[in-house]
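Architecture at a glance
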Amino acid sequence: FQPRFLSDYQSPAFTIKKVDLTFDLYDNDTLVTAIMQVSRIDKSSKQLRLDGEHLTLVSVAIDGQLLAADQYQLDDSSLTLSIEQDDFTLEIETKIDPENNTALEGLYKSGGAFCTQCEAEGFRRITYFLDRPDVLAEYTTTVIADENVYPYLLANGNKIAESSVENGRHSVTWHDPFPKPSYLFALVAGDFDLLSDTYKTASGRQVALEIFVDKGNIEKAHHAMASLKKSMAWDEQTYNLEYDLDIYMIVAVDFFNMGAMENKGLNVFNSKFVLADNATATDTDFFNVEAVIAHEYFHNWTGNRVTCRDWFQLSLKEGLTVFRDQSFSADMHSKAVCRIQNVRLLRRMQFPEDASPMAHPIRPEKVVEMNNFYTMTVYEKGAEVIRMLHRIVGDDGFKKGMALYFERHDGHAVTCDDFVDAMADASQVDLSQFKVWYEQAGTPTVKVEKQFDQAKNELTLHVSQHHPDLPVNKTTKDLLIPIAIELITQAGSQSHLLTLSQAQQTFTFKHLENEPVVALFTDFSAPVKVEFEQTDQALNTIITDAKDEFSRWDACQSLFMREIFALINAPSKAVSATLLATVSSILNSEGDNALKAEMLTLPSFDEIAELCDSVEPQAICRAVETLKQTIAGELASEFKQVFTSNQQTTYSKDAKSIANRALKNVCLNYMARSEQYASMVSKQYYEADNMTDGIAAFSTAVIANLPDLSAISEHFANKWKDTTLVMDKWYSVMAQQQQDTFTKLQALLDSESFTLHNPNRARSLIGAFAMNNPQHFHCESGQGYRFLADRVIELNAINPQVAARLITPLIQFGRFDQATQQKMKREISRIASIDKLARDLKEKVSAALS
Ligand code: B3K
Ligand code: ZN
C-alpha cells in the first residue's frame, strides 16, 4: 500500500472526452460495456494505464479491433495498453458482482435496489477508467434490468430514450451534457415511491424535482422536498447560482457508507438524511435532513461545476460547501445556536483528530487510502478556514470572489490555491500568508495577556501564536489569524477585528475610561485554542453582558471547564457556589431558550479530554458526574420549575417550540439525578407525542440508569421494531448503558435485528458506544477497547471504510495517561496483526503505532 504525494501530481497523459456506458444488471453477474473516446494529451506517452479493481475483464477493443490477452497488461489495480493513435475509441467489457459488494463502493445492492457510490475511487470498481477527478467526460448511460423488479432505472442527466427489451426487461438511456469526473457518476435501479414537485428558477426555467424512497415512506419525504426548494432559492439569492439541468433526483437508500453523495443530477442519500416525520424524527433529525439536502445541492456548483484537480484538494469543495451549508442553516434558524453547534463539533471531533497520529492539514500532502481523508479536518476545519477568509475579505469581497472563481474555473478541475487567488484578486487583499492554513496541521494556541493603564485610559493586549510540534509538519509557520473581540465596559461594548500575522504582536486600545472585560474570538473567529486568564467575575460579565451570543455560551463553558479541572485535581472539593449561582441565573433568565439549553449543557468528555494531557479518563468521568450531581441536587426545584413551564400541550415545529423542548429536556436530564423528580422521566417517555421528547426521556433513563429503564427500552423496541431508522436510535441509546454494560452489548450484538453489514446499524451500536459511553469505553480493564477492536476486525472483512472510521477513538490516545495509552495501543497492535488488513485500516494503525 504505497502512499501518494501531492508533490508528485502530474496532469493526465490521456483524457476521455466521451463515455457511453451500458449496464446489463444482474445481481451477481452485471455486464458493463464502456465505449470511450480517448485522446492523447502528452504526445510522448505511449502507455495508457487505466485504473480498475475487483473487476473481471471480458474484452478490450481499440477502434473496433479486439485485443488478444498478450496485447495488454492486467493486474489487481490496473489495465495497461500500448497506444499508437492520438484519438481512438476504446471499448471495454467488464463483469461485476453487485450483490456480494459489502464494501458499498462502486455498484452494489441496498435492500432490493441497485445503486452506486463512486467518490472517491469507486468508479474503478465498475470499469477500467482514468479514475481521477481531472479527467472530465460527457456521459451517456443505458441501464437494462427486469421491468417488474426495477421499474425505475436512473442515471445522471436527462432521460433520452426508453424501451422494452426481451425477457421482460427494459432499457432506459440518460445523457448528462455537463462533462464530469467519474466520481460524480451514478446509477440507480429499483422500485420506489416517488415524490414529485417542480421548482422555477430565478431566470424562469422549470426544474423537475424527484425524491425516490422505499415503498410506504412517501409521507416522510416532504421535509426533504421543502428543504431542497429552500436550498435552491437560497443559492440564487445569496450567490446568484441557479440549478442547471432540467431534473434533480434524490434517492434514499438504507445501506450507505456516508451521509449522502452529490452525483450530478442524481444524489444518492443515506435514508437517515431524507426520511423524517413527527413520529419518527427528532428536532435534530429535521435540522440535519435540511442541512444535508442543502449541502449536496450546493455541491452542484462548488464541487460539480468546479471540481477538484486531485484528491489532495478535497477541501476545495468540502470546506467551501460545509461553509455554505452552515451559512444556509444559520439563515434558516438561530444563528448563535448554529454557531455553537459547529464549534462544539469542531472541539469534540476535529481538535482531537488534529492532535492524533492521523493529523493532517486541510489539504493533505500524503494519502494511502483516500477514503480516510473525508475527515473532520478537511470538512469542518476546512469550513472554518473559508469562514476566516469570509471575515477577512468581508461579505461583499467574498461574493465577488465567488463570482470570479466561477468565471475563471467553471467546467474545470482546480486547486485550493485557485480558490484563494480568486478571493485575493476580487477583493484586492493579499492572502499569501493565509494559504499557510492549507499546509499546516494541528490546532494553534493563541496566548493573550492584557494590561490596563488607568492613567492613560489604555488597554494593551499582548498576543502570541503557538503551533504544536507534529510529525506531519516539516516546519511550522505563523498563520494569519483573525481575532474578533468585544470590549465590554459600563458604557457599552465595542467590537474590533484584530489580525494576528506575527509570532507576537501588541494591540492597543485608547480612550477607555475603565478597564473593560475582554471577550476574545467572538463568534469563534478562528479555529484555535485560547489561553487567557479571566476571573470568574469577568466570565460572568461576558455571560450577562456580551453582545455576541457565542461568547456568552463560551464563557459559560469556560466556567464549567474550570470547575471540572478543579474536581479532577481535588475530587472531594465542594462545587463552587458562584458557579451554582451562575447556573441558577441562566435558568431563571429571560431570552432565547435554545441558547439557554446550550449554556446549561456541560462540555462533553472529548471537549474536556482535549484540554488535558496525561489524564486518566475515569478521572474526567468522575469529575463530570460530581458536577452534574451537585448542580442537579442544589438546583432541583429550579430545574423542575423551568421544566414544567416549558411543557407544551400541542406539538409544533416552530423555532420557539423547538427551543422550549431543548431547554425542557436539558432540565429533565438534571432532574433524573434527583430522587424526587426522577419519575418525571418515564412519565415524559410514555406521554410523549413526538420523537424528540420520547428519545430524550429514553436516553435520560439509560444514562441515569433509572429503575424503569428496561420497561421503557422494551416498549420502545416493540413499538419501532419495523422502522429501521428509529431502531438505529434504539441501538445508540442502548449503547450508553451504565450497568452490566458488556453483557448487554453482547446481547445487542446477538439480537436478530443487528447486522454489521448495514453501516448505520454498525455505527449506531459500536460508534455510539465508543463515542458516547466514555465511562465504559475507557473502563480500566481495557474491555471497552477490546470490544471496539473486535468489531473493527470483523468489519475489516465486510466494509473497510466503516471499520476505518470506527477505529478513530482508539487511535486518539495521546491525551491520556501512560497506562491507558498502553491498553489502547495493545488493541491497535492486535488489529495490525490480522490477515488481509484492508488499506484503510492499515494506514491508520501504522500511523498510530509508528
Ligand atoms: N462527497 C460525499 C462524500 C463521499 C465520501 C467518499 N468516501 C458527500 C459530501 O461530502 O457531500
Ligand atoms: Zn460534501
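A quick note: this is a predicted structure, and the numbers were derived from the prediction, not measured. (Residues numbered from 1 in each chain as written. Chains lettered and ligands numbered in written order. Predicted model: local features only at pLDDT ≥ 70, side-chain atom pairs only at ≥ 80, totals over all residues.)

A short note on the overall build of the chain
Helices and strands together make up the secondary structure of the chain, namely 27 helices and 31 strands. Relative to the globule expectation of 29 Å for 850 residues, the C-alpha radius of gyration of the chain, 28 Å, shows essentially globular dimensions. Per-residue burial for the chain yields a buried fraction of 50% across its 850 residues. (Helix = DSSP H or I, 4+ residues; strand = E, 2+ residues; numbered from the N terminus. Rg over C-alpha atoms; globule rule 2.2 N^0.38 Å. Buried ≥ 20, exposed ≤ 12 C-beta atoms within 10 Å, placed from the backbone.)

Quick notes on the site of ligand 1
Surveying the vicinity of ligand 1 reveals the residues E119, A120, M258, A260, M261, E262, H295, E296, H299, E318, N371 and Y374. Mapped by element, the contributors of at least two residues to the shell around ligand 1 are β20 (260-261) and α2 (283-298). Within the shell around ligand 1, the residues separate by chemical class into five nonpolar, three polar and four charged. When residues of the shell around ligand 1 are sorted by domain, at least three fall in each of domain 1 (4-298) and domain 2 (307-439). (Near = placed C-beta within 6 Å. Nonpolar A, V, L, I, M, F, W, Y, C, P; charged D, E, K, R; others polar. Domains from an automatic or database assignment.)

A look at the UniProt feature "domain: Peptidase M1 membrane alanine aminopeptidase" (unreviewed entry) in the chain
On the UniProt side, "domain: Peptidase M1 membrane alanine aminopeptidase" (unreviewed entry) is annotated at positions that read residues 224-434 here. With 55% helix and 9% strand, the stretch residues 224-434 has end C-alpha atoms that lie 37 Å from each other. (UniProt positions renumbered as here; feature names shortened; annotations may be inferred.)

Quick word on helix α26 (residues 818-832)
Relative to the 21 Å expected for 15 residues at 1.5 Å per residue, α26 spans 20 Å between its end C-alpha atoms, a close match to the ideal helical length. By the burial criterion, the buried members of α26 are T820, K823, M824, E827, I828 and I831. The arc that holds every buried residue of α26, seen down its axis, measures 135°, which confines them to one face. The exposed set on the far side of α26, more than 90 degrees from its buried face, consists of Q818, A819 and Q822. Close packing links the buried residues of α26 with α13 (617-634), α23 (783-798), α25 (808-811) and α27 (839-849). (Expected span 1.5 Å × (residues − 1). Arc of directions from axis to C-beta. Contact = placed C-beta atoms within 7 Å.)

Concerning the nonpolar core
V188, V251 and V274 are the most contacted members of the largest nonpolar core, which totals 256 residues. Considering every element that reaches this core, the biggest residue donor is helix α5 (residues 376-409), with twelve residues. When neighbours within four sequence positions are excluded, V188 is seen to be in contact with A113, F114, C115, L154, V251, L266 and V268. (Core = buried A, V, L, I, M, F, W, Y, C linked by C-beta atoms within 7 Å.)

Regarding the sheet that holds strand β17 (residues 193-200)
The strand order across the open sheet built from five strands is β17-β18-β19-β21-β20, with neighbouring strands paired in mixed fashion. A strand with exactly one partner marks an edge of an open sheet, and here the two such strands are β17 and β20. Examined bridge by bridge, β17 and strand β18 (residues 206-213) share eight bridges and lie antiparallel to one another. Looking across to β18, one finds that L195 is bridged to I211. (Pairing = 2+ DSSP bridges.)

Notes on the environment of F550
Relative to the helices and strands, F550 resides in helix α9 (residues 549-569). Take F550: there are 25 C-beta atoms within 10 Å of it, and that puts it in the buried class. Considering only alpha carbons, one finds F550 and T321, 229 residues apart in sequence, at a separation of 22 Å. Once residues lying within four places of it in the same chain are set aside, the contact partners of F550 are A336, R339, I340, T522, D523 and F524.

Considering the UniProt feature "domain: Peptidase M1 alanyl aminopeptidase Ig-like fold" (unreviewed entry) in the chain
On the UniProt side, "domain: Peptidase M1 alanyl aminopeptidase Ig-like fold" (unreviewed entry) is annotated at positions that read residues 442-532 here. In residues 442-532, the share of helix is 0% and the share of strand is 55%. The end C-alpha atoms are 20 Å apart.

Here we look at the pairing of strand β19 (residues 247-253)
The buried fraction of β19 amounts to six of the seven residues, a majority that puts the element mostly inside the structure. One ladder, built from five bridges, connects β18 with β19; its direction is parallel. Opposite F212, over in β19, you have V251 as the bridge partner. The sheet contact formed by β19 and strand β21 (residues 266-270) spans five bridges and is parallel. Across the sheet, A252 pairs through a bridge with F269, a residue of β21.

A look at the confidence of the model for the chain
For the chain, per-residue confidence averages 98 on the pLDDT scale, and residues scoring 70 or more make up 100% of the total. ipTM for the predicted complex: 0.99, alongside a pTM of 0.99. (pLDDT = per-residue confidence, 0-100.)

A closer look at the packing of helix α3 (residues 314-332) against α5
Taken N-terminus to C-terminus, the directions of α3 and α5 make an angle of 70°; their axes are 7 Å apart at the nearest point. Classified by the interaxial angle, the pair formed by α3 and α5 is roughly perpendicular. In this structure, α3 uses L314, S315, E318, G319, L320, V322, F323 and Q326 to contact α5, whose residues at the interface are V378, Y379, E380, G382, A383, V385, I386 and R387. In terms of residue class, the contact of α3 with α5 is made up of nine nonpolar, four polar and three charged. (Axes fitted to C-alpha atoms, helices over the stretch in contact; angles between N-to-C directions. Parallel < 35°, antiparallel > 145°, perpendicular 65-115°, else oblique.)

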